[in-house]
Amino acid sequence: MAVQYAYFDTPLELECGVTLPDLTVAYSTYGTLAPTKDNVIWVCHALTANSEVEEWWEHTVESGRFLDPKRWFVVCANFLGSHYGTTGPLSVNPTTGEKWYGDFPEITVRDMVHCHQRLAERLGIEQVELLIGSSIGGFQCMEWVVQAPDFAKRAAFIATTPRSMPWAVAFNESQRMAIEADRSFGERRDDAGAVGMAAARSIALLSYRGGIAYDRTQQDPDWSKLRGYRATTYQQHQGEKLRRRFNAYSYYRLSQAVDSHNIARGRGTVEEVLSAIKAKVLVVSITSDILFPPADHEVMVANIPDVEYHIIDSDFGHDGFLVEHEQLNTIITNFMQK
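Along each chain, numbering runs from 1 in the same order as the chain's sequence is written. Under the rules for a predicted model, residues below a pLDDT of 70 receive no local features and side-chain atom pairs below 80 are neither given nor counted, while totals for whole chains, interfaces and linings still include all residues. Calculated side-chain values reflect all of the structure's heavy atoms, with hydrogen atoms and water omitted.

### Comments concerning the overall build of the chain
Secondary structure counts use DSSP, requiring at least four H or I residues in a row for a helix and at least two E residues in a row for a strand, with both numbered from the N terminus. From N to C terminus, the chain includes eleven helices and twelve strands. Projected onto its principal axes, the C-alpha positions of the chain cover 65 × 50 × 40 Å. Think of it in three bands: residues with accessible area under 20% of the maximum for their type are buried, residues over 50% are exposed, and the middle band is partly exposed, with areas taken using a 1.4 Å probe on protein chains only. For the chain, the proportion of its 338 residues judged to be buried stands at 55%. Any two residues whose heavy atoms approach within 4.5 Å at even a single point are treated as in contact. When contacts within the chain are restricted to residue pairs at least 6 apart in sequence, those whose partners lie at least 24 apart make up 74%. Roughly 14,400 Å² of accessible area belongs to the chain as shown, and the carbon and sulfur atoms make up 51% of that amount. Measuring between centres, the 31 positive side-chain charges of the chain sit 2 Å from its 43 negative side-chain charges. In short, Shrake-Rupley with a 1.4 Å probe defines the accessible areas, and a residue's cover is counted only from the protein chains shown. Positive charges are assigned to Lys and Arg, negative charges to Asp and Glu, while His and the chain termini are left out of the count. By convention, the charge on Lys lies at NZ, on Arg at CZ, on Asp at CG and on Glu at CD.

See the structure below:
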């Protein structure tokens, strides 16, 4: 499905106090919107993903799966600050006529949700059957059901938390330090900071997978050699992959948006905010997730009024939400049928 673009010429005031003069939102849809508009599932994507769900979430946008396009009208919007079509650091600032680059302002998850809400209004979607997201996608879902309690009948929060914890913030700061160590970062060109971002990605992968996954998948047949280990080439390969497809200025700003995530900011306590959620909620954690471990999900399970909780057994850490699609499909399909 081709990526579509929605342009908004009305300014967008960000939580940091800066105003974006205009806004473009890239989005993808799958399936057909019912005349009654009651068959919508809205997917909020993770950090370096895009709006094309079938590309990064394998075996979900398929017949018989929880994002079956024959049954559901699936929408996914690329979030603010990303590198895949929505307004971000490589967009042109209409005030200056030049790309934003490092001048692109700090953004928050709330700002991302405000952009999604503009798109939903443009599409004429007032309510969805399911709002679903993992990791920072889950941040967006939580923020959305808090801002607009009647928008989602159901919501699925997968491998995510109501606010960022120090452990996750520390990983992000290490990644930003790696980007800042690249002397090209700060220059006004598209590939500035790319080498530093590759190093940052290798740091991130440690938090996404964890030791169990690495020890399972990166073993060397010959441990007597002195160099050229499989784990080293894997880290280099993954860093290079991101260097080729993403932008360091976007990565930097998005990591800051992750750090500032807190659904309770200016609203009371986390427990109070969670207890006011009206949607039926599915919470899913992953046994080996060291970035957002199962313990971080307990506050949601304890305080959301209508909640169902499942733990996916997986050795693949935080990335288990991408790898364990069979377990996830069963859990979400059953949740939607209740």
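### A few points about the environment of Glu13
Looking at the element boundaries, Glu13 is found in strand β2 (residues 12-13). In this structure, the C-alpha to C-alpha distance between Glu13 and Asp111, residues 98 residues apart in sequence, is 8.3 Å. Every residue in contact with Glu13, bar those within four places of it in the chain, is listed here: Val18, Thr19 and Asp111.

### What to know about the pairing of strand β11 (residues 280-286)
Summarising burial for β11: six of the seven residues are buried, a large majority. Pairing between two strands requires that DSSP report at least two bridges joining them. Pairing analysis gives five bridges linking strand β10 (residues 152-158) to β11, with the strands arranged parallel. Note on β11: the bridge partner recorded for Ala156 is Leu282. Both β11 and strand β12 (residues 307-312) contribute to a ladder of six bridges, which runs parallel. From the neighbouring strand, Val281 faces β12, where its bridge partner is Val307. For crossovers, right-handed means that the path from the first strand over the helix to the second runs clockwise, given strands pointing away from the viewer. Since β11 and β12 lie parallel, the crossover through helix α9 (residues 298-303) that links them has a hand, and here it is right-handed.

### Details of the side chain of Arg201
Checked against the element boundaries, Arg201 lands in helix α5 (residues 194-217). Whenever Lys or Arg places a side-chain nitrogen within 4 Å of a carboxyl oxygen from Asp or Glu, that contact is recorded as a salt bridge. For the buried Arg201, no salt bridge is present, and the opposite-charge side chain at shortest range is Asp319, 7.0 Å distant. Discounting chain neighbours no more than four positions away, the residues touching Arg201 are Thr48, Tyr208, Gln238, Gly239, Leu242, Arg245 and Tyr251.

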